[in-house]
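Chains, contacts and geometry: an overview
Residues per chain are reported as follows:
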Protein chains: 2
Amino acid sequence: MIGVKQARSAWRGCTNDPERRQPGGDGRALSLPLPGAVHTLAKTTHGLQRILLILPNLVDIRAAAQRIGPFIHRTPVLTCTALDELTGAQLFFKCENFQKGGAFKTRGATNAVFSLTEAEASRGVATHSSGNHAAALAMAAKWRGIPAHVVMPRTAPQVKRNAAAASGANIIECEPTLEAREAVLAKVLKETGAIFVPPYNDARVIAGQGTAMLELLEQVPGLDAIVTPVGGGGLLSGTAIAAKALKPGMKVLGAEPAAADDAFRSLQAGRILPSENPQTIADGLRTSLGELTFAIIRQQADGILTIDEQGIVQAMRLLWERVKIVVEPSGSVPLAAVLAHRQSFTKLRVGIILSGGNVDLRKLPWM
Amino acid sequence: MIGVKQARSAWRGCTNDPERRQPGGDGRALSLPLPGAVHTLAKTTHGLQRILLILPNLVDIRAAAQRIGPFIHRTPVLTCTALDELTGAQLFFKCENFQKGGAFKTRGATNAVFSLTEAEASRGVATHSSGNHAAALAMAAKWRGIPAHVVMPRTAPQVKRNAAAASGANIIECEPTLEAREAVLAKVLKETGAIFVPPYNDARVIAGQGTAMLELLEQVPGLDAIVTPVGGGGLLSGTAIAAKALKPGMKVLGAEPAAADDAFRSLQAGRILPSENPQTIADGLRTSLGELTFAIIRQQADGILTIDEQGIVQAMRLLWERVKIVVEPSGSVPLAAVLAHRQSFTKLRVGIILSGGNVDLRKLPWM
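Conventions we followed
Residues numbered from 1 in each chain as written. Chains lettered and ligands numbered in written order. Predicted model: local features only at pLDDT ≥ 70, side-chain atom pairs only at ≥ 80, totals over all residues. Helix = DSSP H or I, 4+ residues; strand = E, 2+ residues; numbered from the N terminus. Buried ≥ 20, exposed ≤ 12 C-beta atoms within 10 Å, placed from the backbone. Axes fitted to C-alpha atoms, helices over the stretch in contact; angles between N-to-C directions. Parallel < 35°, antiparallel > 145°, perpendicular 65-115°, else oblique. Left-handed = near helix turned anticlockwise from the far one by under 90°. Contact = placed C-beta atoms within 7 Å. Nonpolar A, V, L, I, M, F, W, Y, C, P; charged D, E, K, R; others polar. Arc of directions from axis to C-beta. Least-squares fit on C-alpha atoms with pLDDT ≥ 70 in both. Pairing = 2+ DSSP bridges. Right-handed = clockwise from strand over helix to strand, strands pointing away. Expected span 1.5 Å × (residues − 1). pLDDT = per-residue confidence, 0-100. Core = buried A, V, L, I, M, F, W, Y, C linked by C-beta atoms within 7 Å.

Let's talk about the overall build of chain A
Looking only at helices and strands, one finds 16 helices and 10 strands in chain A. With 367 residues in all, chain A has 55% of them scored as buried.

Shown next as structure tokens:
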């Protein structure tokens, strides 16, 4: 892993790397999906053996906050006496379900899109996503006035597909497997020349996601712990970086469905163990950690909590009934985890990032 | 109508009235349902012919804000770009669906309960209500440590019945007609000796409801208009008093279902024309104006907008899908009215009071 300075200068166009300084070099020679993303230089044309992981840091998150500020919402923080009584903790809900596009994903996608040079941006952007990242990228691309191509599994919720379509994205359907997504995306990238903006395994996306925690720390001082959902790990990574830099004593926890517990198993094993086609109602958390998010979470998060499907639905219903807000299953996972492990949170001030609110209102899990 | 000073001194125990000064007089000789409520002195035992209406004013609303401050939420104000685009206005949603008990009703009920003398309070309180006022009164009574008896129509939503029960209220079922409610309530009052806290036709309840507008005016300066739902008229009355006292140029509008348009018809006719057993999804707006709310609304509100059932459901769904909040049908009526009359609101800064969020999540109107 490289240090702060290197990571920073690598942020746009990797100008610290000799190969990137060559005239006309646009980074594709490095077979990098995106300048500033996970850099596996072992694969370069020059036969370099070292492996570089560009870890974003607090400076990157602050820069992201500046960059995306004009476009995104500073979301409110809600509290709920009934849920405080139920958990024995003091809960502070950071409402990213109120974010533009209905999810925190708009932060990361907007940071990535507005980090692109004019030349890069003119090629358009592309991604694969189960939903919220697709809609977020489509929205960010619309703000920048460039095309967006999104590969979505045919099982993605209609509401998320509609959101991407509403921003004018070109939507390409695929089978709901990682292999299918990647194959279809590769074809799209080849055909369009668009820049790939990964849903989570990307330093700029992670820095963007970290801005929610930056805000929360300003809004609620003295948090003892923060719990976020963990799917691909972008939100947990950004959150951990912001939290540990500003308040090292704060516990940073991820929460995931027991049916998609790759983060839990990966941290235990010390290597990435992806979930194979996991079946969970939390459609945003079916993805598995990437190389970069695994490295950050392993280094900076304090643990992963898992929760069964019933617990997720119960927490979701509590948020709707008691807090009176629309939260999607994935966004309800942290509350579910706190409820299931309430003895660990007694009397603590606990931040919870409600990651999104994009739900098909005709198909509610308790009906 | 009497002036400010009289109304104020009449606020607790009517000590300005000779009859009320008699030792041991508790006001029941006046056949008043509640000290400080609508006073029809023509009915007194001494044969007085004058009719007094105690109109609350800004001073009362400020006093109510002080009184209820320790118990209720200062609710947030949300905005939504998508709905601004849809209406052509700038909308500011005052989220009383986030209020304690899930509705603004907690403001009025708490003000009434904490306005009672110790002697009055010790007798307990009682009311009839289709739901939110019942739950609110039960909660306020619990805070004061006194019993609450609530008469509810058997058609009241289960979620509202549960809320009243959760606060320990004694719930008495009745047929869903005004006559049945009043007859059953009279029986309860006689049997228990409890003090009647009306759902809307009460100066202290109205003053409490006005505190939402007081907050909104602090939170959002420069509003051009405010739209609230109107059922019995308590919220619209309190809102009009606060708005016109602090910002006389602001338009104050009520919104009601076309299927329960008693406020619209009453204002046109110049006398109260109740709706007879109206059929609307907006269960909180099936009641009709009272003597006091009619007088205030006639004097201080600028108009009533009506909206059909389909428009209410559409607005409710927009609030859930776009603003990501749980709002009940009654609370969605003002947005529905603004959407239906959008040409009147173009480019205006419009406050909308989302009156409540108590919905049976298993029975959503679009399913």
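Some points on the packing of helix 5 (residues 105–115) of chain A against helix 7 (residues 132–144) of chain A
Residues and elements named next belong to chain A. Where helix 5 meets helix 7, the axes come as close as 8 Å, and the angle between the chain directions of the two elements is 40 degrees. By the angle between their axes, helix 5 is oblique relative to helix 7. Relative to helix 7, helix 5 is oriented so that their crossing is right-handed. Contacts from Lys105, Thr106, Ala109, Thr110, Val113 and Phe114 of helix 5 reach helix 7 at Asn132, His133, Ala136, Leu137, Met139, Ala140, Ala141 and Arg144. Across the contact of helix 5 with helix 7, the residue classes tally to eight nonpolar, four polar and two charged.

Points about the interface of chain B and chain A
By a widely used convention, the size of an interface equals the accessible area lost when the partners come together. The partner chain A presents 17 residues to the 17 residues of chain B that form the contact. At three residues, the largest contribution of residues to the side of chain B that touches chain A is made by helix 14 (residues 309–323) of chain B.

Describing helix 3 (residues 58–68) of chain A
All names here are of chain A. Here helix 3 has its buried residues at Asp60, Ile61, Ala64, Ala65, Arg67 and Ile68. Viewed along the axis of helix 3, the buried residues span an arc of 165 degrees, placing them on a single side of the element. On the buried face of helix 3, the contacting elements are helix 5, helix 10 (203–209), helix 11 (211–219) and helix 12 (234–246).

What about the relation of the copies chain B and chain A?
Rotating chain B by 180 degrees and moving it 0.0 Å along the rotation axis overlays it on chain A with an RMSD of 0.0 Å. Given the turn and translation reported, the copies of this chain are related as if by a two-fold rotation axis. Taking the C-alpha atom as reference, chain B places Ile325(B) closest to the rotation axis, 2.1 Å from it. Counting the interface residues of chain B, we find that 100% of their copies in chain A are interface residues as well, pointing to one common contact surface.

Brief notes about the pairing of strand 5 (residues 170–174) of chain A
Along any regular strand the residues' side chains alternate between the sheet's two faces. Residues and elements named next belong to chain A. Taken together, the five bridges between strand 4 (residues 148–153) and strand 5 define a ladder with parallel strand orientation. What sits directly across from Pro153, in strand 5, is Cys174. Assessed by its sense of winding, the connection that carries the chain from strand 4 through helix 8 (residues 158–166) to strand 5 is right-handed.

Let's talk about helix 15 (residues 329–340) of chain B
Each α-helix turn comprises 3.6 residues. Residues three or four places apart therefore point the same way. Residues and elements named next belong to chain B. Helix length check: helix 15 (12 residues) gives 16 Å between terminal C-alpha atoms against 16 Å at 1.5 Å per residue, within 8%. In terms of residue burial, helix 15 counts as a mostly covered element, since 10 of its 12 residues are buried. Every buried residue of helix 15 is accounted for by Pro329, Ser330, Gly331, Ser332, Val333, Pro334, Leu335, Ala336, Ala337 and Val338.

A look at the sheet that holds strand 3 (residues 125–128) of chain B
Residues and elements named next belong to chain B. What the four strands build is an open sheet, ordered 5-4-3-6; its pairing is parallel. Whereas interior strands pair on both sides, the edge strands pair on one side only; in this sheet they are strand 5 (170–174) and strand 6 (195–196). The pairing of strand 3 with strand 4 (residues 148–153) spans four bridges and is classified as parallel. Residue Thr127 lies in a different strand from strand 4, and its bridge partner there is Val150. Of the strands in this sheet, strand 3 and strand 4 touch helix 6 (residues 132–144), which is tilted by about 170 degrees from strand 4.

Details of the packing of helix 14 of chain B against helix 15 of chain B
All names here are of chain B. Following both chains from N to C, one finds helix 14 and helix 15 inclined at 105 degrees, their axes separated by 7 Å at the closest point. Regarding the angle of helix 14 to helix 15, the classification is roughly perpendicular. Across the interface between the two elements, Gly311, Ile312, Gln314, Ala315, Met316, Leu318 and Leu319 of helix 14 pack against Pro329, Ser332, Val333, Leu335, Ala336, Leu339 and Ala340 of helix 15.

Overview of the environment of Leu267(A)
Residue and element names in this part refer to chain A. Mapped onto the elements, Leu267 comes out in helix 13 (residues 262–269). Since 20 C-beta atoms lie within 10 Å of it, Leu267 is described here as buried. In this structure the C-alpha to C-alpha distance between Leu267 and Gly193, which are 74 residues apart in sequence, comes to 36 Å. Those residues in contact with Leu267 that sit more than four places away from it in its chain are Ile297, Arg298 and Ile304.

Section: unusual backbone geometry
Residues and elements named next belong to chain A. Positive phi outside glycine occurs at Asn277, with the angle close to 45 degrees. With respect to the secondary-structure elements, Asn277 resides in the loop between helix 13 and helix 14 (291–300). The exposure class assigned to Asn277 is exposed, which follows from the 10 C-beta atoms found within 10 Å. Backbone geometry at Lys324 places phi at a positive 65 degrees, although glycine is not the residue there. If you trace the backbone, Lys324 turns up in the loop between helix 15 (309–323) and helix 16 (329–340).

Quick word on the confidence of the model for chain A
Residues and elements named next belong to chain A. Per-residue confidence for chain A gives a mean pLDDT of 87; residues scoring 70 or more make up 86%. With pLDDT under 50 throughout, residues 1–45 is counted as low confidence; its partners more than four residues away or in other chains account for 75 contacts. In the model output, the complex is listed with pTM 0.85 alongside ipTM 0.83.

Observations regarding the pairing of strand 3 of chain B
Residue and element names in this part refer to chain B. In strand 3, alternate side chains face the same way, and those of Val125 and Thr127 on one face and Ala126 and His128 on the other are all buried. Each parallel crossover has a hand, and for strand 3 linked through helix 6 to strand 4 it is right-handed. Examined bridge by bridge, strand 3 and strand 6 share two bridges and lie parallel to one another. By the bridge assignment, Ala126 is partnered in strand 6 with Phe196.

Observations regarding the sheet that holds strand 3 (residues 125–128) of chain A
Residue and element names in this part refer to chain A. One open sheet holds the four strands; their spatial order is 5-4-3-6, and the pairing between them is parallel. The sheet terminates laterally at strand 5 and strand 6 (195–196), the two strands that pair on one side only. Contacts from helix 9 (residues 178–192) reach strand 3, strand 4, strand 5 and strand 6, with the element oriented near 160 degrees to strand 4.

What to know about the nonpolar core
When a protein is soluble and globular, its nonpolar side chains tend to lie buried together. Residues Leu137(A), Ala138(A), Ile352(A), Leu137(B), Ala138(B) and Ile352(B) are the most contacted members of the largest nonpolar core, which totals 209 residues. With residues near it in sequence (within four places) discarded, Leu137(B) still touches Ala109(B), Val125(B), Thr127(B), Ala148(B), Val150(B) and Val197(B).

Regarding the environment of Leu339(A)
Residue and element names in this part refer to chain A. Following the sequence through the fold, Leu339 ends up in helix 16. With 18 C-beta atoms counted inside 10 Å, the residue Leu339 sits in the partly exposed group. Separated by 251 residues in sequence, Leu339 and Gly88 place their C-alpha atoms 9.2 Å apart. Setting aside residues up to four positions removed in sequence, Leu339 forms contacts with Leu86, Thr87, Gly311 and Ala315.

Side note on the environment of Arg317(B)
Its place among the elements puts Arg317(B) in helix 14. For the pair Arg317(B) and Pro329(B), spaced 12 residues apart in sequence, the C-alpha separation works out to 9.4 Å. Every residue in contact with Arg317(B), bar those within four places of it in the chain, is listed here: Leu361(A) and Trp366(B).

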